[in-house]
Amino acid sequence: MAGLINYVSESYNELKNHVTWTPWAEAQRYTLVVVVFSVIFSLAIWGVDTAFSNVIEQYFKWVKS
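Everything numeric here is computed off the predicted structure, so don't read it as measured data. (Residues numbered from 1 in each chain as written. Predicted model: local features only at pLDDT ≥ 70, side-chain atom pairs only at ≥ 80, totals over all residues. Heavy atoms only, no water.)

(A) Region of the structure containing the overall build of the protein. Counting its secondary structure elements, the protein contains two helices and zero strands. The principal-axis extents of the C-alpha atoms in the protein amount to approximately 75 × 35 × 10 Å. Taken over 65 residues, the protein has a buried fraction of 0%. Accessible area for the protein stands at about 6,400 Å²; split by element, carbon and sulfur atoms hold 70% of it. Taking the 4 positively charged and 5 negatively charged side chains of the protein as two groups, their mean positions are separated by 13 Å. (Helix = DSSP H or I, 4+ residues; strand = E, 2+ residues; numbered from the N terminus. Buried < 20%, exposed > 50% of the residue type's maximum accessible area, 1.4 Å probe, protein only. Areas by Shrake-Rupley, 256 points an atom, 1.4 Å probe, with all protein chains shown as cover. Lys, Arg positive; Asp, Glu negative; His and termini not counted. Charge placed at Lys NZ, Arg CZ, Asp CG, Glu CD.)

(B) Fine view of helix α1 (residues 2–17). The terminal C-alpha atoms of α1, which comprises 16 residues, lie 22 Å apart, in line with the 22 Å expected from a rise of 1.5 Å per residue. Of all 16 residues making up α1, only zero are buried, and the element is barely covered by its neighbours. (Expected span 1.5 Å × (residues − 1).)

(C) Expanded view of the packing of aromatic side chains. The final tally for this structure, using the stated rule, is three aromatic pairs. An angle of 70 degrees between the planes, with centres 5.4 Å apart, marks the rings of Y59 and F60 as edge-to-face. With relative accessibility at 45%, the residue Y59 sits in the partly exposed group. Taken together through their ring pairs, the aromatic side chains of Y59, F60 and W62 make up a single cluster. (Phe/Tyr/Trp six-rings, centres within 6.5 Å; stacked < 30°, edge-to-face > 60°.)

Structure below.
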């Protein structure tokens, strides 16, 4: 149990005194970039999925007739 308490104490000390945190404004800017990229990427995947779905549907309609 003492090892766990020592680990948590040293981890807290490391985070408090030795980690360089990104400034708040920069973190917000990076978050916005990630959100925008995620939305664009999800729309691209949706578009490709829809196109492939339509192509496959047309193929099976053509094969059936």
